[in-house]
Amino acid sequence: MIEVRDLHFARGSRKIFDGLDLDIHAGRVTAIMGPSGTGKTTLLKLIGGQLRPQHGSIRVDGQDVHRLGRGDLYRLRRRMGMLFQSGALLTDLSVFDNVAFPLREHTRLPERMIRDLVLMKLEAVGLRGARDLMPAELSGGMARRVALARAIALDPMMIMYDEPFTGLDPITMGTIVTLIKRLNDAIRLTSIVVSHDVRETLSIADDVYLIADGKVVERGTPEALAKTASDWANQFLQGLPDGPVPFHYPAADYREDLMNGGRDAR
Amino acid sequence: MLDSLARLGRWGLGMFERLGRGHLFLLSMLGGLHVLVMRPRLVIREVYAVGVLSLLIIVVSGGFVGMVLGLQGYNTLVGFGAEQSLGTVVSLSLLRELGPVVTALLFAGRAGSALTAEIGLMKSTEQLSGMEMMAVDPMRRVVAPRFLAGFFSMPLLAIIFSAVGVMGGYFVGVGLLGVDAGAFWSQMQDSVDFNEDVMNGVIKSLVFGFVVTWIALFEGYDATPTSEGVSRATTRTVVHSSLAVLGLDFILTGLMFNKF
């Protein structure tokens, strides 16, 4: 479904991806994991065509995203859903109107049919009763569920989740985990979950990519990764504070720094 | 010395880069103007937000500016025994200058800052990004309707400002200071030319509407997506658009009335 080949992307002088290769298969939940700042969200924006790589290609359903014209890219995006970490709900529209937004923008369906579709999507995420609330009245978890209902409004072929579990209480987190898995299985979606919440992500992922320093460092099923001998993967998956990713930010020798007596006047 | 030169160079490059981005933004915005024909409801909703909701400040300010003009004009004219010309002074001052300029300055403070903050916050809360991913172009759905609303609202607000200002001048001149009502209106009617005065004022406010709304929308769209970034962008909108209005007013006045 998605092929990323030799992807290079940098912001200024800071390299984010340095020859990244990965494949995402249709109908499966693929987790992309790695420490904060490794460019996981950037990868989703590259897949969605919101950013352009300096080198390399990303093919979605056979189409090279960055060679598409504006019209074709927008047509492709109608078949992609994206769940932002913040939900990205339109704050001047109610829950109902937020979910109806893509339907009203892209279809000429009569309002009665739009109403039925919106209620079906809201029912799927358990928020049919919250249809008249405004985004400011929703909790973080509810906002994410509404955003999920909106993301599936146009029945996309794939959906990208950007840190879907961050900042949620255990009950809401469990709800979101279940929803992602259930949606994926029920409507044969292809799901890409970008996250650093190890336990939740591994519980629903079919394939996992661990990325660091702009490259894929480990790949495989959750079971295979659990048995991996790689220090890096062990440190990340078990949440160890020190290892290949050092606890300390690079600095001068500790002893010398203390003995220096503030001569560098900082 | 070299450091200062390098700083100056960086500042210059940064300024030209922003100017370039601003013009690309304008082109992209103009490309979305067919929204007026395709979805006029979006424009009407924004006319309410930027135009109708600015009415109160425009009416109150117009009234006070007209009243002050009445007082000041009377004090000056009475020295020459020409207080009957108060209607002319008040109406020409309002139609040619104060109406378009003060309206544009108030518009920049009231509606311009609101537009910048709204777009900036939409950007920082990923609403614009979310729209792009839903295959909805924010330039067409969000920016272009607001631009059209600002462009159309400004001349209407300026006309209302001038009309209320004339009423304020009338209230002070005729009602409080004893200027003859017939002289007030007849002198005004005699000296105000529709094309020369009214239309030139309308043209000025169209230009100001274009520039102020463009600056406000660009600043919001280009804002750093943080609370500090949005706050800075809002300040820049008020400062830059006020300066642009005053500078453009000088140029337009020169072209319209002095023909240099």
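About the cut-offs
Residues numbered from 1 in each chain as written. Chains lettered and ligands numbered in written order. Predicted model: local features only at pLDDT ≥ 70, side-chain atom pairs only at ≥ 80, totals over all residues. Heavy atoms only, no water. Buried < 20%, exposed > 50% of the residue type's maximum accessible area, 1.4 Å probe, protein only. Helix = DSSP H or I, 4+ residues; strand = E, 2+ residues; numbered from the N terminus. Pairing = 2+ DSSP bridges. Contact = heavy atoms within 4.5 Å. Axes fitted to C-alpha atoms, helices over the stretch in contact; angles between N-to-C directions.

Some details on the pairing of strand β9 (residues 207-212) of chain A
All names here are of chain A.
Next up, step 1: Within β9, six of the six residues are buried, leaving the element largely enclosed by the surrounding structure.
Next up, step 2: Burial along β9 is two-sided: D207, Y209 and I211 and V208, L210 and A212, pointing in opposite directions, are all buried.
Next up, step 3: When strand β3 (residues 29-33) meets β9, the two strands line up parallel, connected through four bridges. Pairing of I32 across the sheet is with Y209, part of β9.
Next up, step 4: Here β9 runs beside strand β10 (residues 215-220); their pairing, made up of five bridges, is antiparallel. Each residue of the ladder has a partner; that of A212, found in β10, is K215.
Next up, step 5: Linking β9 back to β10 in an antiparallel pair, the connection comprises two residues, with D213 at a positive phi of about 55°.

Let's talk about the sheet that holds strand β4 (residues 55-60) of chain A
Hydrogen bonds along the backbone pair up the strands of a sheet, which may run parallel or antiparallel.
Residue and element names in this part refer to chain A.
Next up, step 1: Taken together, the four strands give an open sheet; going across it, the order is β2-β1-β4-β5, and neighbouring strands pair in antiparallel fashion. If you trace the sheet from one side to the other, it starts and ends with β2 (14-24) and β5 (63-64), each paired once.
Next up, step 2: Where strand β1 (residues 2-11) and β2 come together, eight bridges link them in antiparallel fashion. Residue pairing across strands places E3 opposite D23, the latter belonging to β2.
Next up, step 3: Helix α1 (residues 40-47) contacts β1, β2 and β4 of the sheet and is inclined by roughly 120° relative to β1.

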